[in-house]
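# Inside the fold
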Amino acid sequence: MLISVIISTYNRPDALNAVLRGMLRQTDRDFEVLVADDGSDEITGDAIHAFIGQLPVKIQRVWQPDRGFRLAAMRNRAIAKASGNYFIFLDGDCVPRADFVARHRALSEPGHYVFGQRILLSKSYSERILNDNIDISGLSFPQLAFARMRGHVNRALPALPLPLGSLRKAHPRDWRRLRGCNFAAWREDVMRVDGFDGSYVGWGLEDSDFAVRLCNAGVRAKDGRFATAVLHLWHPMGDREMLAESLRHFEHAKATGAVKAQKGLSSLTIHPATRPGTDPGIQTDEPATSDE
């Protein structure tokens, strides 16, 4: 089963570089990487292209013009270009450990989506990692426990693999546990809810909306904690200017039992490539590009 790892990013090439180094370490190699780029400049493009030929898997950049925080729409564009039957969604500042894809694959189960976990890194530790180009994807649990003692990370236990068995499915309708930085879902379930809702503009709640609609469609939550933890590099808090509007939209989706996105995958249209050698891109109200 081919897995599509969809990594979202915006003008943070140093963090993305750390994430892609983590993808280099993966023990499971039956996956592709799609970088869902929400309007970054070509410094980010150069960072992505530097990994072509290094990664033993297909990697492509799917880009849309910078018109503010449009993560939901950007993820839809990447989904439309993906070839896998199973999608792992990862933020471009969350470094995966070597068994990340393998553990997500082991937890995949029809009719379920999997929510993962993160370990937060301090500002000073994150800056040192990025400034000195330190590869943290190979950190073991004892190393992370030591980093916890020194105040570099907020916790280490998520990196300890635990066989939770049936406990992973103890709360099948608890959408609140999904964090957009690390989760996975089957292609057919993503299509059933028409992907993410591009009506969400600005930081927040697009991932909660997605989880609620999955639950409304009968897709059950599965706990990926103590198996799929990622290392979340520090970043400033996102702009909450549009959060009130997003909250109104989200409350409406909950109250109405919504399944389909108001502005989802079905709103996308294929258009011809704008440059020689590129695949067709995806567009809604403006063209997007895709480079392989």
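Residues numbered from 1 in each chain as written. Predicted model: local features only at pLDDT ≥ 70, side-chain atom pairs only at ≥ 80, totals over all residues. Heavy atoms only, no water.

### A closer look at the side chain of Lys-222
The test is simple: Secondary structure follows DSSP: runs of H or I at least 4 residues long count as helices, runs of E at least 2 residues long count as strands, and numbering of each begins at the N terminus. Exposure is judged per residue with a 1.4 Å probe applied to protein chains only, and the accessible area is read against the type maximum: over 50% gives exposed, under 20% gives buried, and values in between give partly exposed. Counting of polar contacts relies on pairs of N or O atoms within 3.5 Å, with two restrictions inside protein: one atom must be capable of donating a hydrogen and the other of accepting it, and residues adjacent in sequence are counted only when both atoms are side-chain atoms. Contacts between residues were defined by any pair of non-hydrogen atoms, one from each residue, lying within 4.5 Å.
With respect to the helices, strands and loops of the structure, Lys-222 is situated in strand β9 (residues 220-223). Given the relative accessible area of 9%, Lys-222 is considered buried. Side chain to side chain, Lys-222 and Glu-109 meet in a polar contact 3.0 Å long. In this view, Lys-222 contacts Leu-107, Glu-109, His-112, Tyr-113, Val-114, Phe-115, Arg-168 and Lys-169; residues no more than four positions away in its chain are not counted.

### Quick notes on the sheet that holds strand β5 (residues 94-96)
Counted only if it meets this: Paired strands are those between which DSSP finds at least two bridges. Fitted lines through C-alpha atoms give the axes, limited to the stretch in contact for helices. The angle between two N-to-C directions lies from 0 to 180 degrees.
If you walk across this open sheet you meet the 3 strands as β5-β10-β7, and the pairing is mixed. The open sheet has two edge strands with one neighbour each: β5 and β7 (118-120). Neighbour to neighbour, the strand axes of the sheet diverge by 30° on average, direction disregarded. In terms of strand pairing, β5 meets strand β10 (residues 230-232) through 3 bridges, oriented antiparallel. Note on β10: the bridge partner recorded for Pro-96 is Val-230.

### So, the packing of helix α8 (residues 206-216) against helix α9 (residues 243-256)
Spelled out, the test is: Relative orientations are named as follows: roughly parallel for angles under 35 degrees, roughly antiparallel for angles over 145 degrees, roughly perpendicular for angles from 65 to 115 degrees, and oblique for any other angle. Only Asp, Glu, Lys and Arg are considered charged, only Ala, Val, Leu, Ile, Met, Phe, Trp, Tyr, Cys and Pro nonpolar, and every remaining residue, Gly among them, polar.
At their nearest, the axes of α8 and α9 sit 10 Å apart, and the two run at 5° to each other. In terms of orientation, α8 lies roughly parallel with respect to α9. Packed against α8, whose contacting residues are Ser-208, Asp-209, Val-212 and Asn-216, the element α9 presents Phe-250, Ala-253 and Lys-254 at the interface. Among the residues forming the contact of α8 with α9, the class breakdown is 3 nonpolar, 2 polar and 2 charged.

### Looking at the nonpolar core
We apply this condition: Nonpolar cores were defined as sets of buried Ala, Val, Leu, Ile, Met, Phe, Trp, Tyr and Cys residues, with membership established by side-chain atoms within 4.5 Å.
Ranked by size, the top nonpolar core spans 45 residues in total, and within it Ile-7, Met-23, Val-33 and Leu-233 carry the most contacts. Ranked by residues supplied to this core, first place goes to helix α1 (residues 13-24) with 6 residues. Sequence-distant contacts of Met-23, defined by excluding residues within four places in its chain, comprise Val-5, Ile-7, Phe-31, Val-33, Leu-55, Leu-90, Pro-96 and Val-101. Residues Val-62, Phe-89, Trp-175 and Leu-205 belong to the second largest nonpolar core, which totals 33 residues.

### Description of the environment of Val-33
Here Val-33 lies in strand β2 (residues 31-37). By relative accessible area, Val-33 is classed as buried at 1%. For the pair Val-33 and Val-57, spaced 24 residues apart in sequence, the C-alpha to C-alpha distance is 7.4 Å. The residues touching Val-33, leaving out its near neighbours within four places in the chain, are Val-5, Ile-7, Leu-20, Met-23, Leu-55, Val-57, Lys-58, Ile-59 and Gln-60.

### With respect to the pattern of salt bridges
What counts here: Put simply, a salt bridge is a Lys or Arg side-chain nitrogen that is within 4 Å of an Asp or Glu carboxyl oxygen.
Per the stated rule, a full pass over the model turns up 16 salt bridges. For Asp-28, the salt bridge is made with Arg-105, and the minimal N-O distance between the two is 2.5 Å. Pair noted here: Asp-28 is in the loop between α1 and β2 and Arg-105 is in helix α4 (residues 100-107), with a separation of 77 residues, a long-range link. Overall, Asp-28 belongs to the buried group, its relative accessible area being 11%. Between Asp-209 and Arg-213 there is a salt bridge, with the nearest N and O atoms lying 2.7 Å from each other.

### Let's talk about the packing of α1 against helix α2 (residues 42-49)
Our working definition: Should the near helix be turned anticlockwise from the far one by less than a right angle, the crossing is termed left-handed; should it be turned clockwise, right-handed.
Taken N-terminus to C-terminus, the directions of α1 and α2 make an angle of 15°; their axes are 9 Å apart at the nearest point. Here α1 is positioned roughly parallel relative to α2, judged by the angle of their axes. As for the relative orientation of α1 and α2, their crossing is right-handed in sense. In this structure, α1 contributes Pro-13, Leu-16 and Leu-20 to the contact, and α2 contributes Ile-43, Thr-44, Ala-47 and Ile-48. For the contact of α1 with α2, a count of residues per class yields 6 nonpolar, 1 polar and no charged.

### A word on α2
Note the following rule: The reported arc concerns the directions from the helix axis to the C-beta atoms and nothing else.
Residues of α2 that are buried: Thr-44, Gly-45, Ala-47 and Ile-48. Buried positions in α2, seen along its axis, are confined to an arc of 160° and lie on one side of it. Set apart from the buried face of α2 by more than 90 degrees, the exposed residues are Ile-43 and Asp-46. For α2, the capping residue at the N-terminal end is Asp-41, with a side-chain oxygen 3.1 Å from the backbone nitrogen of Ile-43.

### Description of the layout of surface pockets
Put simply, the rule is: The definitions used throughout rest on a 1 Å grid laid over the protein atoms alone, on which a cavity is an enclosed set of points accommodating a 1.4 Å probe that cannot get out and a pocket is an open set flanked by protein within 12 Å on both sides along at least five of seven lines; lining residues are those having an atom within 4 Å of a point. Grid points are joined across faces, edges and corners, and a volume is the space filled by probe spheres set on the points.
Taken as a whole, the largest pocket holds about 1200 Å³ of empty space. Looking at the lining of the largest pocket, the elements with two or more residues in it are β1 (3-9), α3 (71-81), β7 and α8. Each residue belonging to the lining of the largest pocket can be placed in one class, and the counts come to 17 nonpolar, 10 polar and 13 charged. Looking at the lining of the second largest pocket residue by residue, the classes come out as 3 nonpolar, 3 polar and 5 charged.

### With respect to the side chain of Asp-223
Relative to the assigned elements, Asp-223 resides in strand β9. Using a relative accessible area of 5% as the deciding quantity, one classes Asp-223 as buried. Of the polar contacts made by the side chain of Asp-223, one reaches the side chain of Arg-225; its length is 2.8 Å.

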